[in-house]
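# Observations on the model geometry
Spelled out, the chains give:
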Amino acid sequence: MKRFLIIILALAFILLLGACSKKAAKVEPVQGPAVETVDEPVAQVEKPVLSEEELFQQKSLEELNKDQVLKMIHFDFDMYSIREDMKPVMQANANWLLKFPSVEVLVEGHCDERGTIEYNIALGEKRAEAARNYLVSLGLSAAKVKIISYGKSKPLVTGVDEATYFQNRRAEFVITKK
Amino acid sequence: MKLSRTILILLAMLAFQPLRGQEEITIRIREGMPMIPVAMPAFQLNPEAQKSETAAVVYDTLWQDLEFSRVFKMVPREHYAYIPAFNPNAIRFKDWASIQANILVSGQLELTADDRVIFSFKVYEVTGERFIFGRNFGGKKDLARLIAHRAADEMLKHFGERPLFTSKIAYISEAGNDRDVYIMDFDGQRSTRITFSSALDMLPSWSADNEKILYTSYRNLSPELFMFHIYSGKTELISSGGSNYAADWSPAGDRIVYTSSKHGNAEIYLKDMKTGQEKRLTFNPAIDTSPCWSPNGREIAFTSQRGGTPQIYVMDAEGSNVRRITMEGGYHDSPAWSPDGMRLAFVSRIENRFDIYIFNLKSNEISKLTENAGRNENPTWSPDGRHLAFSSNRSGRYQIYLVDYDGRNVRQITSRGENKMPKWQRTTK
């Protein structure tokens, strides 16, 4: 009898549990606090791209030269005439220089190592002179362009192939005053 | 180093004497005079000298000088063992004749308490069994090499040759990022730095009195010509404006020639060093450079590109009477006139090889001095004309080498860093 009672109670407990769980499933989800949108209007400003003039004003001589605003040109072996493919480079250099008439520039003439020291000083000078004359022909004031020759004493790269020699046969444009 | 016996005859060279164009040329190979065999037994030393290295320095230096001369030939020391030991008080000339010695040098060296060297030497003619001459030299111990060089020069003078062993070579050596002017003995020893600019210095050249050096420096950001007074330390600006370089002092010491582009183009200028007066010698839109005096001071050899490529020309010292020397080959420069006035050494580029050639002005023969070993540049003659110095990158970096007039006995005399642009004194002091 006692055992019967325990079974009944157990069954009743199980039923009760089942009724409870059914009841819990019906509970509505708890509503949290409302999401507050955080926003602000974008200021309608556009970061200005610095003009060439402004960049020029901003940069020091060293920075201008480091950034190679003026590009070097290269020459044929033993020659000092401006190559056809270097003329656009010269035009770009001239355009830049004409934009900034306060600029003074030093044209450095250099040679590859396949020449004697004495002759290469003269050859480097001829290259610098040819570059200066070309700039002047494009409208630059000759007074703004000075020249110097280093002959073969300051090679840009070292090596013993034509690509190296080509790199070293050059006129570099160094801005000396802005 | 093998003797470059190949004598290249460039027919076009006959332009120097155009009327001989059709004649046959005789090839004459200059063999030089037979060398005089010299024996030099060990020196007699005082007890102080026996304890020092100095005696060996003097002995070895004197030996090397005489061996270098091409006038004397040293009888090998091993041969001395075949005859009785040398006795300065009773010389057995027959013994020395038996080992083929013609000249016998007997030396005595003392080291004093105050570290001075006294070196006495006597020179004997073996076959005539007679004393020829002797000298005594004294000096500080650290000038032992110079004492030996003086003795070797006395040997040359006595045999009718021009002294050279006390001559010096000016050159350019790198010192950190700079290149500065240095001077050294002809054999590469005892070098001294003489310029200290923090810029590129180049192409040194001696004054006739060996007391001043002309050189080009970029210290003021353009290549200017300076004169440095070695023994007073004073520097003078000689020429500026454009590029100023490649100076050469006249043998008489009164004038210099150099290249300058002060009026726009590379031209050759002559400057009177007493009056300061300047005269332009070349008038050509092409490159004119590398002037060099003839030993009699009447002519100037130089390089000009007026014919399209750099070639060697000669003109009178007034700038007139220009004639072309080199005809073949596309690139010649750095002419150097031999002390006897007969030969021009210069650099030629042939198929991108730089070698030194010697052109004989009398016979119009060209001989090749260096043989396809690196780039060989800036030839300069010894005061006696039997040797040349030049720079070469045959062993990697540029170093200075000596070579005999016939291509024999090449030897490297510098090794630290990079050394180039040698210029030998025209005479010993």
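Rules used throughout
Within each chain, residues carry numbers counting from 1 in the order of the written sequence. As they are written, the chains are lettered A onward and the ligands numbered 1 onward, keeping that order. Local features in this predicted model are restricted to residues of pLDDT 70 or higher, and side-chain atom pairs are both shown and tallied only at a pLDDT of 80 or more, whereas totals for entire chains, interfaces and linings draw on every residue. Hydrogen atoms and water are omitted, and side-chain values are computed over all heavy atoms in the structure. Here a helix means four or more residues in a row that DSSP labels H or I, a strand means two or more in a row labelled E, and each is numbered from the N terminus. Accessibility here uses a 1.4 Å probe with only protein chains present; expressed as a share of the type maximum, an area under 20% marks a residue as buried, one over 50% as exposed, and anything in between as partly exposed. Contacts are assigned to residue pairs that have any heavy atoms within 4.5 Å of one another. Accessible surface is estimated by sampling points in the Shrake-Rupley manner with a 1.4 Å probe; for residues, cover comes only from the protein chains shown. Residue count minus one, scaled by 1.5 Å, sets the expected span of a helix. For helices, the axis comes from a line fit to the C-alpha atoms of the stretch in contact; other axes are also lines fit to C-alpha atoms, and the angle between any two N-to-C directions lies between 0 and 180 degrees. Should an angle lie under 35 degrees it is considered roughly parallel, over 145 roughly antiparallel, and from 65 to 115 roughly perpendicular; all remaining angles are considered oblique. Left-handed describes a crossing whose near helix is turned anticlockwise from the far helix by less than a right angle; the clockwise case is right-handed. Throughout this entry, Asp, Glu, Lys and Arg are counted as charged residues, while Ala, Val, Leu, Ile, Met, Phe, Trp, Tyr, Cys and Pro are counted as nonpolar. The remaining residues, Gly among them, count as polar. The criterion for an aromatic pair is that two Phe, Tyr or Trp rings (for Trp, the six-membered ring) have centres within 6.5 Å, with stacked assigned to planes under 30 degrees apart, edge-to-face to planes over 60 apart and tilted to the rest. Buried area adds together the accessible area that both of two parts lose upon being put together, with accessible area traced by a 1.4 Å probe. Salt bridge, as used here, is a side-chain nitrogen of Lys or Arg placed within 4 Å of a carboxyl oxygen of Asp or Glu. Here, a strand pair is defined by DSSP locating no fewer than two bridges between the strands. Pairs of N or O atoms within 3.5 Å make up the polar contacts considered here, provided that, within protein, one atom can donate a hydrogen while the other can accept it, and that residues adjacent in sequence are counted only when both atoms are side-chain atoms. pLDDT is a per-residue confidence score from the predictor, ranging from 0 to 100.

### Topic: the overall build of chain B
- Scanning chain B for helices and strands turns up four helices and 31 strands.
- The buried share of chain B, taken over its 429 residues, is 56%.
- When contacts within chain B are restricted to residue pairs at least 6 apart in sequence, those whose partners lie at least 24 apart make up 42%.
- For chain B, the exposed area adds up to about 18300 Å²; of that, 48% sits on carbon and sulfur atoms.

### Let's talk about helix H4 (residues 144-158) of chain B
Residues and elements named next belong to chain B.
- Given a rise of 1.5 Å per residue, 15 residues ought to cover 21 Å, and the 21 Å separating the end C-alpha atoms of H4 matches this to within 8%.
- The buried fraction of H4 amounts to 11 of the 15 residues, a majority that puts the element mostly inside the structure.
- Here H4 has its buried residues at Ala144, Arg145, Ile147, Ala148, His149, Ala151, Ala152, Asp153, Glu154, Met155 and Leu156.
- Packed against the buried residues of H4 are helix H2 (54-68), strand E4 (72-74), strand E5 (103-111), strand E6 (116-125), strand E7 (130-140) and strand E9 (178-185).

### A word on the packing of helix H4 (residues 87-99) of chain A against helix H5 (residues 117-137) of chain A
Residues and elements named next belong to chain A.
- One can describe the packing of H4 onto H5 by two numbers: an axis separation of 10 Å at closest approach and a directional angle of 60 degrees. By the criterion of interaxial angle, the relationship of H4 to H5 is oblique. With respect to the hand of their crossing, H4 and H5 are arranged in right-handed fashion. Taking contact as the criterion, the partners of Lys87, Met90, Asn93, Ala94 and Leu97 in H4 are, on H5, Ala131, Tyr134 and Leu135.
- In terms of residue class, the contact of H4 with H5 is built from six nonpolar, one polar and one charged.

### Description of the packing of aromatic side chains
All names here are of chain B.
- Within the structure shown, the criterion is met by 26 aromatic pairs over all chains.
- Where Phe68 meets Phe186, the ring centres are 5.2 Å apart and the plane angle is 50 degrees; that geometry is what we call tilted. Linking Phe68 in helix H2 with Phe186 in the loop between E9 and strand E10 (192-193), this pair joins segments that are 118 residues apart in sequence.
- On the accessibility criterion, Phe68 (8% relative accessible area) is buried.
- Taken together, a centroid distance of 5.7 Å and an interplanar angle of 15 degrees make the contact between Phe119 and Phe121 stacked. Across this residue pair, the class does not change: Phe119 and Phe121 are buried.
- Of the aromatic side chains, those joined through ring pairs into one cluster are Phe43, Tyr59, Trp63, Phe119, Phe121, Phe133 and Phe137.

### A word on the interface of chain B and chain A
- Chain B puts 36 residues into the contact, and the matching count from chain A is 23 residues.
- Regarding the contact of chain B and chain A, the summed buried area is about 2300 Å², with carbon and sulfur atoms giving 54% of it.
- The tally of links between chain B and chain A comes to three salt bridges.
- Residue Glu377(B) pairs with Lys152(A) through a salt bridge whose shortest N-O separation is 2.9 Å.

### Observations concerning the sheet that holds strand E16 (residues 255-260) of chain B
All names here are of chain B.
- Strand order in the open sheet formed by four strands is E15-E16-E17-E18, with antiparallel pairing between adjacent strands. The sheet is open, and its two borders are formed by strand E15 (244-249) and strand E18 (278-280), each paired with just one other strand. Neighbour-to-neighbour, the strand axes of the sheet open up by a mean angle of 25 degrees, direction not taken into account.
- Judged from the six bridges that link them, E16 and strand E17 (residues 267-272) form a sheet pairing that is antiparallel.

### Quick look at unusual backbone geometry
- The phi dihedral of Glu129(B) falls on the positive side, at around 50 degrees, and the residue is not glycine.
- Locating Glu129(B) in the fold gives a position in the loop between E6 and E7.

### A closer look at the packing of H2(B) against H4(B)
Residue and element names in this part refer to chain B.
- As a packed pair, H2 and H4 sit with axes 8 Å apart at the nearest point and diverge in direction by 35 degrees. Classified by chirality, the crossing of H4 by H2 is right-handed. In contact with Thr54, Val57, Val58, Thr61, Leu62, Gln64, Asp65 and Leu66 of H2, H4 contributes Ala144, Arg145, Ala148, His149, Ala151, Ala152 and Met155.
- Across the contact of H2 with H4, the residue classes tally to nine nonpolar, four polar and two charged.

### Concerning the sheet that holds strand E11 (residues 201-206) of chain B
All names here are of chain B.
- The four strands are arranged E11-E12-E13-E14 in an open sheet whose pairing can be described as antiparallel. The open sheet has two free edges, formed respectively by E11 and strand E14 (235-239), since each of these has just one partner strand. Geometrically, the sheet is characterised by an average inter-axis angle of 30 degrees between neighbouring strands, direction not taken into account.
- In this structure, strand E13 (residues 224-229) lies alongside E14, joined through four bridges in antiparallel fashion. Along E14, the bridge assignment pairs Phe228 with Thr235.

### Some thoughts on the side chain of Asp248(B)
- Inspection of the secondary structure assignment puts Asp248(B) in strand E15.
- Within polar-contact distance, the side chain of Asp248(B) engages the side chain of Lys423(B) at 3.3 Å.

### Describing the environment of Ile148(A)
- Residue position: Ile148(A) is located in strand E3 (residues 145-151).
- Ile148(A) sits in the buried class, given a relative accessible area of 3%.
- The spacing of Ile148(A) and Lys126(A) is 22 residues in sequence and 9.6 Å in space, taken between C-alpha atoms.
- When neighbours within four sequence positions are excluded, Ile148(A) is seen to be in contact with Leu106(A), Val107(A), Glu108(A), Gly109(A), Ala128(A), Tyr218(B), Leu221(B), Ser222(B) and Pro223(B).

### So, the confidence of the model for chain A
- The predicted model of chain A averages 87 in pLDDT, with 83% of residues at 70 or higher.
- Confidence scores differ between elements of chain A, with helix H1 (residues 2-25) of chain A showing the lowest mean pLDDT of 60 and strand E1 (residues 73-74) of chain A the highest of 97.

### Thoughts on the pattern of salt bridges
Residue and element names in this part refer to chain B.
- Within this structure, the stated rule accounts for 47 salt bridges over all chains.
- Across the salt bridge formed by Arg70 and Asp404, the nearest N and O atoms sit 2.7 Å from each other. Of this pair, Arg70 sits in the loop between H2 and E4 while Asp404 is found in strand E29 (residues 399-404), placing the two residues 334 residues apart along the sequence.
- Taking the relative accessible area as the measure of exposure, Arg70 reaches 11% and is therefore buried.
- Given a relative accessible area of 0%, Asp404 falls into the buried group.
- Arg145 is the partner of Asp187 in a salt bridge, and the nearest nitrogen-oxygen pair spans 2.8 Å. Taken as a pair, Asp187 in the loop between E9 and E10 and Arg145 in helix H4 lie far apart in primary sequence, 42 residues in all. Arg145 matches Asp187 in its accessibility class, with the two residues each being buried.

### Things to note about the environment of His387(B)
All names here are of chain B.
- The residue His387 is located in strand E28 (residues 387-392) in this model.
- Along the backbone, His387 and Leu164 are 223 residues apart, and their C-alpha atoms lie at a distance of 9.8 Å.
- Dropping the residues within four chain positions of it, His387 is found in contact with Phe68, Ser69, Arg70, Leu164, Thr380, Trp381, Ser382, Val403, Asp404, Tyr405 and Trp424.
- In terms of polar contacts, His387 uses its side chain to reach the side chain of Asp404, at 2.8 Å.

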